[in-house]
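# Examination of the molecular architecture
So you can see what is in the structure, the chains are spelled out below.
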Amino acid sequence: QGLNIGINQGLAGGAGVPSHLHVHVMPRWVGDTNFITAVGGVRVIPSALELMYERYTRANTPTP
């Protein structure tokens, strides 16, 4: 139903390495708790960003 996208850049930004950049993309749904693994009892499965983009756009494309 939605996404949260977080970007960590540099040591002070939480990336852990001075010039490092990484991005988190988290699925969200109405009524979730934002603590997916600990509170929601849901396991997060890593997947390639391209595959998730394809799945997301397919799921959100109206069928004729």
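What this report covers is the structure whose coordinates are included nearby. (Residues numbered from 1 in each chain as written. Predicted model: local features only at pLDDT ≥ 70, side-chain atom pairs only at ≥ 80, totals over all residues. Heavy atoms only, no water.)

Of the regular secondary structure elements, the protein holds one helix and two strands. What you see in the protein, going N to C, is helices and strands ordered as β-β-α. Per-residue burial over the protein gives 9% buried out of 64 residues. Within the protein, contacts between residues separated by at least 24 positions form 22% of all contacts whose residues are at least 6 apart in sequence. Here the protein displays about 5,500 Å² of accessible surface, and carbon together with sulfur accounts for 62% of that area. (Helix = DSSP H or I, 4+ residues; strand = E, 2+ residues; numbered from the N terminus. Buried < 20%, exposed > 50% of the residue type's maximum accessible area, 1.4 Å probe, protein only. Contact = heavy atoms within 4.5 Å. Areas by Shrake-Rupley, 256 points an atom, 1.4 Å probe, with all protein chains shown as cover.)

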